[in-house]
Amino acid sequence: MLASLLAKSHSIQASDVRYETLDVTVTESVQVKMRLFVIISVLLVLGFPFIMTEVVKKFSTCSNFFFEDQPPEIEGVLKNSASQDNNRYKLICQKYDNKYRFATLYDTVKRIPIFSAYKYTGHYDEKPHIPWMMEPQLEPLDGKMSEPGTNQATGGDYWDQEIPDELERGHLFPNGHAADKINAKSTYTLTNTVPQKKSFNSGSWRDMEQKVRKSMDSNCRDKKNPNNILAYVLTGALPGNTLLNDRVDIPSHMWTVFCCFNTKTKAWESKAHWAENKSEKKPNPVIAEKTLKQLEEFLWNKYKQSSLFSEDCYNYFTLKKSSSPEDEL
């Protein structure tokens, strides 16, 4: 079957492809592996790079990307490190070059991630040149025929947009927050991206990411090894009411929060930001700094998201002792 597909690779179109399974009698686990092999083969034939991540039952497989090894609690979605709906919400331990790089909670109905979690340990200054990757384990493994991208976005969803301010693939774990070239490459998976307005993604959101990066570089350290930079970061998206290519949810808002041991105050502290995913004009707007508590309240009102970090992170991150945004309300 693979040889047949490869022979037709110059004339085949993505819209014409369906997955098939091998008609042999084997155990269930072997059948799943063989179907996954076929899916990967088809993706390669069609020119879809893939990332060999792991869709897991619990985030305990890669819990080190969460503060105190505890993932967020999201009502009806994620509890006790496990998905509350295995058919819809997938837990992904993002594995690249034989090592876990970050973690993602993915909504296969909306075809966007809910959040990605990563550890910030410094940044790599160059932008890697690598094709966008897909996650073969998110494709149906039930033996039925389906098109690539049944449960996730594809590069083709972003083609031929006839709108003034196009939508582009916006990272949750940004490559600019990756510590080295390999980690930066690992962020180029479509399971780590959502449709963002181009002017917003390259404008106020990028400005905020760079400002946060500078703050973490200067003040966040591993409490046990103070010479090392360390911050725990969660970045996510709130589902919206419109679709890209009639398939992929366009988030209404983006949010992010980090928690780290602040060397200036000798305490665990956090800082949050969120903003509407909409077109912007120059000069770029400034995204206001918020507390972790304010972000959790915002997400609760929008998405019933109950807790992101433990109580240890509720202190507001400051460079100097000063009032928090809550004091100004």
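Being a predicted model, the structure only gives us computed values, none of them experimental.

Caption draft 1: Region of the structure containing the pattern of salt bridges. Within this structure, the stated rule accounts for 7 salt bridges. The partner of K211 in a salt bridge is E289, and the shortest N-O contact between them spans 3.4 Å. On the criterion of sequence distance, the pair formed by K211 in helix α5 (residues 204-219) and E289 in the loop between β15 (267-276) and α6 (292-303) is long-range, its members being 78 residues apart. Under the relative-accessibility criterion, E289 is labelled partly exposed at 26%. Put simply, K211, K271 and E289 are held in one network by salt bridges that share partners.

Caption draft 2: Here's a closer look at the nonpolar core. Among the nonpolar cores identified, the biggest contains 34 residues, and L105, F115 and W255 are the most heavily contacted of them. Those elements that place two or more of their residues in this core are β5 (89-96), β6 (99-107), β7 (112-120), β11 (231-238), β14 (253-262), β15 and α6. Broken down by element, this core gets its largest block of residues, 5 residues, from α6. Of all hydrophobic cores here, the second largest spans 31 residues; its members include V212, V248, C260 and I287.

Caption draft 3: Region of interest: the pairing of β14. In terms of residue burial, β14 counts as a mostly covered element, since 10 of its 10 residues are buried. Two elements, strand β10 (residues 220-221) and β14, share 2 bridges in a ladder whose sense is antiparallel. Along β14, the bridge assignment pairs C220 with N262. The pairing of β11 with β14 spans 7 bridges and is classified as antiparallel. Pairing of Y232 across the sheet is with C259, part of β14. Two elements, β14 and β15, share 10 bridges in a ladder whose sense is antiparallel. What sits directly across from M254, in β15, is A275. Connecting β14 to the antiparallel partner β15 that follows it, the hairpin turn spans 4 residues, and K266 within it adopts a positive phi of roughly 60°.

Criteria and cut-off values
Residues numbered from 1 in each chain as written. Predicted model: local features only at pLDDT ≥ 70, side-chain atom pairs only at ≥ 80, totals over all residues. Heavy atoms only, no water. Salt bridge = Lys/Arg side-chain N within 4 Å of Asp/Glu carboxyl O. Helix = DSSP H or I, 4+ residues; strand = E, 2+ residues; numbered from the N terminus. Buried < 20%, exposed > 50% of the residue type's maximum accessible area, 1.4 Å probe, protein only. Core = buried A, V, L, I, M, F, W, Y, C linked by side-chain atoms within 4.5 Å. Pairing = 2+ DSSP bridges.

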